[in-house]
Amino acid sequence: MNFAASEQQPTLEQLDTWCEQALSSPTAELREEAERRLRYYFPTFSETPAEISGSHGFSSGQERVLSVFPSIKGPADAANLMTWFLHQSSKVFSITYVVRRLKTLVLNHLSVLSNDQKTELRNSLFSAIREKFADMPAFLIEDTSRALALVVMFTWFDIPDSKDIIDTILELGKPSDKHEILALQMMRAFVEEFNHELPSKYIARQRRVVVTFRDKQLRSMFEHALSAMREAISALSTAASHSDNTDITAKRIILSNTLLLQRDCLAFDFIGLAPDDASDDAVAIQIPSSWKDIIQVDNFLDPYFEGYKHSDPPASSQFIEVLVVIASIRRSFYMEAVRTEFVKRMSAGIVEILVGAIGLEDVENYHHLCRLLARFRCIHTLVEIEEYPVYRELLVATASFTMTGLSLWEWSANSIAPLLTFWSKVASSYDSRDSGNAEIAGDVIADTLPRIIREYLRAMIQTTLRFITGESMADNPLENSDALLENLALVANIARSSYEICAPVLIEILREMAGKYQSMLNSGAVNEEAITVIENQLALPVYAVAQCIGARQPYKSLPDDDRLDAEMFATGLELDRLVQQRLQSAIAAPASEALELAFIQLYYNFRASYIGEQGYKVTAVFAKLSSFVGINDSSGVLDLVLQKVLFNFRTWPSQSSVMQKSLQLFHELTTGYVSVRQVAKLDTMKFLLANHSSDQFQFLRSIDEYKQRSLYYGGLARVLFTNETSASQFAEFMQPWSRMTGELLAMPDAQFSQETVRAELIRVLRDLRGFLSAISSKANYLLFFEWMCPTRIQIIHRSVQMATDTRVQVAALKFMAEFVYNRTQRLNFDVSSANGILIFREASKAMWVYGSGVMESGRRGVLIRDIYKERYKGVAVCFNILMRLVSGKYVAIGVMPLYGDEALEQAYRIMLELLKQFPVADVIAYPKLGKATMTMLEVLLSKSNIDLLPLDEVAYEQVMRLCVEAFDHAETAVSSAACSVIDSALTAAIEGMTANKQTQIVELVQRRKDVVSYLLKTMLNIVLFEDRPNDWSFSRPLFCLIVLDRELALQHTSQVVQYQPTERREELVKALKDLLSATEFVLVSNNRDEFTQALTQYRREVTSKNLILMVPTTQTLGAPVDILGSGSDVSGENGQQTTVGQGNDDEEAMAD
């Protein structure tokens, strides 16, 4: 269908059908077709030129424009058509679609409309809601109201009566209960939209509006919600007493909406910080002081508590939700006397609910009450009421409630954390050693804290039993270790406040269960299922002990506390030994992963608290440990930890979480400056260095676990090179690899390519790479280099030649990438050394062999099943090798051609050939390939290297195409690298032209002016139409492009302005004139910097004035403009010639 062939507007039925297809059709083709049709009639003018042109053809002389319905000349016409459709259609899909399009149009182009048009749009949206609300579902009322709110926000300072919209909405609610419900829904939508953070370019404007909105309109809405809530409560009470059910349903809906509106008003982002990353229970609401007369009134809290007591869910839980927000208001909002009364009334209300168990049979009420307790105690220290009876009553009631709640863990698992948070905060201000605490309910706290620990652990242990035996459908607490550790961290804070009474509880539980476990093992008949159950249950007290030890604070911990830690740690050690003995016995029950992870956490936390990087020698903990398990110092603990790690290496499969955590712990042991030196002295570590390739280690048997192998051998390398390592020590450590590589090199080609040999080869290559990655000094690298070259490096070349297995090739190339990497300047050889040249030659040879194989398979048309794994992965590694070779600066590559060394030429030639092979779109499709490509090109085309690169015309065009494609890469750094590549190439060309040097890059730039033209237009479009975070990066090559063809830059910007609405042109021309006349376009550093500053100023100006450019369309071409105002006609002959095509084939343009 040719949409532009007819001026007739489609029927309402057609539009409804397309909207339904666009949003709900199961067929992608139908959805796309419907979307294209709807975009034609409902344009938002928010696309970018790249989105509608669709190709990166350098030779194309024209760019496509967006085809739109002929009667739509701009955003105002589009808005009128959308609002007409909104009024006419009654279909849910249609209203949903058109509201979305309208919001996009308003967000980007509302400023184009005149004030009368903005007012008309606002009134039209309001009337659509008012007229159709009876038939609209709640979510559509919300969506449409949020679109109206966006219009109001963007016209707040432009149209005086926009601020009166809330009064209009309040008037709307007067006729009936249905209208009141509508008004409340609309006000909620307004609050949500004003509180919703817009894209960064609108933030400054939004905050200016929000400041005035919150001071008057938000307050008015909150006051209305309060009043409506009281009226609804009164009406419901009257209706209940007279058994009149006529309006009860409507009143309940009104009550629910008033509570939700109050919650949203109080939770408004009053100060504009939007602390999304902060803990939900620790953020105080910064409500304005001007609201004091609303909140600081007598009996303010009474309606909420009374309403909660006399209402049913969901209203009852909504009352508590509002109380949660009220409890979160900053303490400084209240004067001291008022704050005391507030805390007393809040506490009394909570006590009444807890004592009477009012409404707590509902899980939502229960959960929100737990949140109320946590939030109330987080914001208010309760010191104001410590002398009042209500304080003791609150603690006693909450203690009883907590005990019940812990026993009902399965009923509301998410409520445990708020309860523990409440007691953690109470415990943080309680000192069990202060006898004066008894007068302020200290006895209640001292009695409650150990009970909480006991009941929490028992509840978790019991739940684990019920889960394993299938009696419970609740989640296993051990499966979500992160949530469990967070809760146990709160338990640890509780325990640490009264350690002398809480730690014995933990020890008692752990010893009781350990004794039961030992008795079970010692009994004649072992029940394997029972063993499995109790080992999983034991994980909980072990985790708790680990968290308590990890919560130790040295400046607060007393010697008695350290002795308790020693006793707990010793108990854990004894249990671990018992479990290890069980695993080595004939009992067939599988090992408990949860318990092993708990042991690892115990070792990790003890090391962090008592050893760390401080190297403690004598503390109370070691004296106590000596009496328990015979460990006298930190070295003994580290040796024990290392033995545990090695036991896990031998016992657990490579994919298990235990193996991952064990390797991380091993990595921690070998990373710290002090720790690695302590570990290096241990006999266990010395034995490991001598037997590091043990086949007993599970993860070393697999070839797929490179990260694990890398952590392992990286740690060993750090230990080996802790002190000065002699050649003999190094040779002894490398002996297993020497033997394996010798055997591999001695094999004939036929045997070398066998599957079993390939697996061994991959293991060796990955192990050597992991070991090499941890070498940081030149002396240690030289030891490895002399071991590797010149003999053993041949294994790399033989591996790369193995075209039948890409895994071997990639493993070899990745080793080479690490081998040539000048990490921490470890490859800075002496001036007289030829090592750098030898490394370059070997790497160049490997790249040449691999690249030639890729090219040959491409010529033969070899079937490729996975293009990334079989081609691009190896190509990306080759790019990284070349980048590291050139950027390492340990080889004077410029002199290599002088003495006939072909290594540099071969490396460059094969990489350029590989660049030509893959489609430019794959730079985006495979992000790792794109990143490797751009980082390599950035180095190769840098100022010091560009003259060495043998660029021909095809390679030059491909490089520029790749850069243009990389502009849209997911990583901003890759986009910036692409800009740097273009900048370097054009800078070298301009400097060559200035100096009259006919270099290779100069000839290419002069011959391919179409490339310069396309790059200039593309980068101008990005700068003008898009908001990128790396404008600085784009400004550098854009300056060079303007230097090369300033006339085209003026012409293109003039043509872009021609397609903009008349209302924007004057300000846009001024901004562009300031940008394009900010400096002299001569390639000098100062000029380039001035242009970058001008671009930053341009971005700031268009953002503040909301000058968002519209993509060129078939209906928006205006009169020619002169950007610089010099009187010259920059638009071409007769003001009509333009490189931006007008899309004569409407159907083809429509398809874009």
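Conventions and cut-offs
- Residues numbered from 1 in each chain as written.
- Predicted model: local features only at pLDDT ≥ 70, side-chain atom pairs only at ≥ 80, totals over all residues.
- Heavy atoms only, no water.
- UniProt positions renumbered as here; feature names shortened; annotations may be inferred.
- Helix = DSSP H or I, 4+ residues; strand = E, 2+ residues; numbered from the N terminus.
- Expected span 1.5 Å × (residues − 1).
- Bend = angle between axes of the 7 residues up to and from the residue.
- Contact = heavy atoms within 4.5 Å.
- Salt bridge = Lys/Arg side-chain N within 4 Å of Asp/Glu carboxyl O.
- Buried < 20%, exposed > 50% of the residue type's maximum accessible area, 1.4 Å probe, protein only.
- Core = buried A, V, L, I, M, F, W, Y, C linked by side-chain atoms within 4.5 Å.
- 1 Å grid on protein atoms, 1.4 Å probe; cavity = no way out; pocket = protein on both sides within 12 Å on 5 of 7 lines; lining within 4 Å.
- Points joined across faces, edges and corners; volume = space filled by probe spheres on them.
- Nonpolar A, V, L, I, M, F, W, Y, C, P; charged D, E, K, R; others polar.
- Disulfide = S-S within 2.5 Å.
- pLDDT = per-residue confidence, 0-100.
- Phe/Tyr/Trp six-rings, centres within 6.5 Å; stacked < 30°, edge-to-face > 60°.
- Lys NZ or Arg CZ within 6 Å of the ring centre and 35° of its normal.

- Looking at an unreviewed UniProt entry, one finds the protein named Exportin-7/Ran-binding protein 17 TPR repeats domain-containing protein and attributed to Coemansia spiralis.
- Turning to the protein, the UniProt annotation filed under Sequence similarities (unreviewed entry) states: "Belongs to the exportin family."

1. Considerations on helix 31 (residues 727-746)
Next up, step 1: With 20 residues, helix 31 should reach 28 Å at 1.5 Å per residue; the first-to-last C-alpha distance of 25 Å falls well below that figure.
Next up, step 2: Of all the bends in helix 31, the greatest, near 55 degrees, is centred on Met 734, and the proline Pro 736 appears no more than four residues after it.
Next up, step 3: Looking at the packing, one finds that the buried side of helix 31 touches helix 29 (683-690), helix 30 (706-720), helix 32 (749-752), helix 33 (755-773), helix 34 (778-788) and helix 35 (794-800).

2. Considerations on the pattern of salt bridges
Next up, step 1: Applying the stated criterion to the full structure yields 66 salt bridges.
Next up, step 2: With its nearest N and O atoms 2.9 Å apart, the salt bridge here joins Glu 384 to Arg 339. Of this pair, Glu 384 sits in the loop between helix 16 (363-379) and helix 17 (389-407) while Arg 339 sits in helix 15 (residues 336-356); the two residues are 45 residues apart in sequence, bridging distant segments of the chain.
Next up, step 3: With a relative accessible area of 13%, Arg 339 lands in the buried category.

3. Some points on the nonpolar core
Among soluble globular proteins, nonpolar side chains are generally buried collectively.
Next up, step 1: Counting residues in each nonpolar core, the largest one holds 399 residues, and the members touching the most others are Phe 194, Met 346, Tyr 712, Phe 771, Phe 784 and Phe 819.
Next up, step 2: Of all the elements, helix 21 (residues 499-522) adds the most residues to this core, at 13 residues.
Next up, step 3: When sequence neighbours within four positions are dropped, the list of residues in contact with Phe 819 reads Leu 772, Tyr 781, Phe 784, Phe 785, Met 788, Cys 789, Ile 793, Leu 827 and Ile 839.

4. As for the layout of surface pockets
Next up, step 1: Taken as a whole, the largest pocket spans an internal volume of roughly 960 Å³.
Next up, step 2: Together, 26 residues line the largest pocket, and Arg 769, Lys 814, Lys 873, Val 877 and Lys 928 are the ones closest to its centre.
Next up, step 3: Contributing elements (two or more residues each) for the lining of the largest pocket: helix 30, helix 33, helix 36 (806-819), helix 38 (867-888) and helix 41 (927-940).
Next up, step 4: Looking at the lining of the largest pocket residue by residue, the class counts come to 9 nonpolar, 4 polar and 13 charged.

5. Structural notes on the state of the cysteines
Next up, step 1: According to the stated counting rule, one finds 0 disulfides in the structure shown.
Next up, step 2: With no disulfide partner, Cys 878 has as its closest neighbouring cysteine sulfur the one in Cys 789, 18 Å distant.
Next up, step 3: Take Cys 878: its relative accessible area is 0%, and that puts it in the buried class.

6. Digging into the side chain of Arg 763
Next up, step 1: Locating Arg 763 in the fold gives a position in helix 33.
Next up, step 2: Not counting chain neighbours up to four residues away, the residues in contact with Arg 763 comprise Leu 700, Arg 701, Ser 702, Ile 703 and Arg 709.

7. A short note on the confidence of the model for the protein
Caution is warranted with low-pLDDT regions, since their predicted coordinates should not be read in detail.
Next up, step 1: Looking at the protein as a whole, the pLDDT averages 88, with 93% of positions reaching at least 70.
Next up, step 2: Note that pLDDT drops below 50 for residues 1-6; the model gives that stretch 12 contacts with residues more than four away or on any other chain.
Next up, step 3: When the criterion is pLDDT under 50, residues 274-282 qualifies, and its contacts beyond four places in sequence or with other chains add up to 9 contacts.

8. Let's talk about the packing of aromatic side chains
Next up, step 1: Per the counting criterion, the structure on display carries 56 aromatic pairs.
Next up, step 2: Between Phe 213 and Phe 268, the aromatic rings sit 6.0 Å apart at their centres with planes inclined by 45 degrees, giving tilted as the arrangement. Of this pair, Phe 213 sits in helix 10 (residues 203-241) while Phe 268 sits in the loop between helix 11 (248-266) and helix 12 (292-295), and the two are 55 residues apart along the sequence.
Next up, step 3: For Phe 268, a relative accessible area of 3% corresponds to the buried category.
Next up, step 4: When the centroid spacing of 5.9 Å and the interplanar angle of 45 degrees are considered together, the rings of Phe 721 and Phe 771 count as tilted. With Phe 721 in the loop between helix 30 and helix 31 and Phe 771 in helix 33, this residue pair connects regions lying 50 residues apart in the sequence. For the pair Phe 721 and Phe 771, a shared accessibility class is recorded, and that class is buried.
Next up, step 5: For Arg 769, the ring lying beneath its charged end belongs to Tyr 706, and the centroid distance is 3.7 Å.

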